Amino acid sequence: MLDFLMNYFINYYLMILDQFEKWSVIPYTTYQKEQKRKFKNDPTKSQNWQYNAEDDYCIDHLGVRFSFYRYSRRTSTNCQRNWMSWQKY
């Protein structure tokens, strides 16, 4: 069943590319939520924290500093997730 679905979606995207000469883009799960004013102005969201690229740390809305700790990886049956872990100082 999975092979059938994969072939269906691949053929669908190829049809769009051939007929309209455009790529179809599917937004990731939280994209629409991140575009809302409520999300952008929420100081508790880590995406809204101040980031210092020179020393590689973030500061949240309470002034707590989070420094880079390590890269993490989790593998499940069909996917692999990678993310950065941060440590509170």
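A short tour of the structure in this document, coming up. Just so you know, these numbers come straight off a predicted model, no measurement behind them.

Reading the values: the criteria
Residues numbered from 1 in each chain as written. Predicted model: local features only at pLDDT ≥ 70, side-chain atom pairs only at ≥ 80, totals over all residues. Heavy atoms only, no water. Phe/Tyr/Trp six-rings, centres within 6.5 Å; stacked < 30°, edge-to-face > 60°. Helix = DSSP H or I, 4+ residues; strand = E, 2+ residues; numbered from the N terminus. Buried < 20%, exposed > 50% of the residue type's maximum accessible area, 1.4 Å probe, protein only. Lys, Arg positive; Asp, Glu negative; His and termini not counted. Salt bridge = Lys/Arg side-chain N within 4 Å of Asp/Glu carboxyl O. Polar contact = N/O pair within 3.5 Å; in protein donor to acceptor, adjacent residues only side chain to side chain. Contact = heavy atoms within 4.5 Å. Pairing = 2+ DSSP bridges.

Summed over all chains, the structure comprises 4 aromatic pairs. On the basis of an interplanar angle of 20° and a centroid distance of 5.1 Å, the ring pair of tryptophan 49 and phenylalanine 66 is categorised as stacked. On the criterion of sequence distance, the pair formed by tryptophan 49 in the loop between α3 (37–40) and β1 (50–52) and phenylalanine 66 in strand β3 (residues 65–75) is long-range, its members being 17 residues apart. For tryptophan 49, a relative accessible area of 22% corresponds to the partly exposed category. Within the aromatic cluster, the residues linked to one another by ring pairs are Tyr51, Phe68, Tyr71 and Trp86.

Once that is clear, we can look at the side chain of aspartate 60. Within the secondary structure layout, aspartate 60 lies in the loop between β2 (57–59) and β3. The buried charged residue aspartate 60 lacks any salt bridge, with lysine 88 as its nearest oppositely charged partner at 7.4 Å. Side-chain polar atoms of aspartate 60 contact the backbone nitrogen of valine 64, separated by 2.7 Å. Look past the residues within four positions of aspartate 60 in its chain and what remains in contact with it is Trp49 and Phe66.

This part is about the pairing of strand β4 (residues 80–88). Examined bridge by bridge, β3 and β4 share 9 bridges and lie antiparallel to one another. Within β4, the residue paired with arginine 73 across the bridge is asparagine 82. With antiparallel pairing between neighbouring strands as the criterion, β3 and β4 make up a hairpin whose turn holds 4 residues.

Now for the side chain of serine 67. By the element assignment, serine 67 lies in strand β3. A distance of 3.4 Å separates the side chain of serine 67 from the side chain of arginine 65, its partner in a polar contact.

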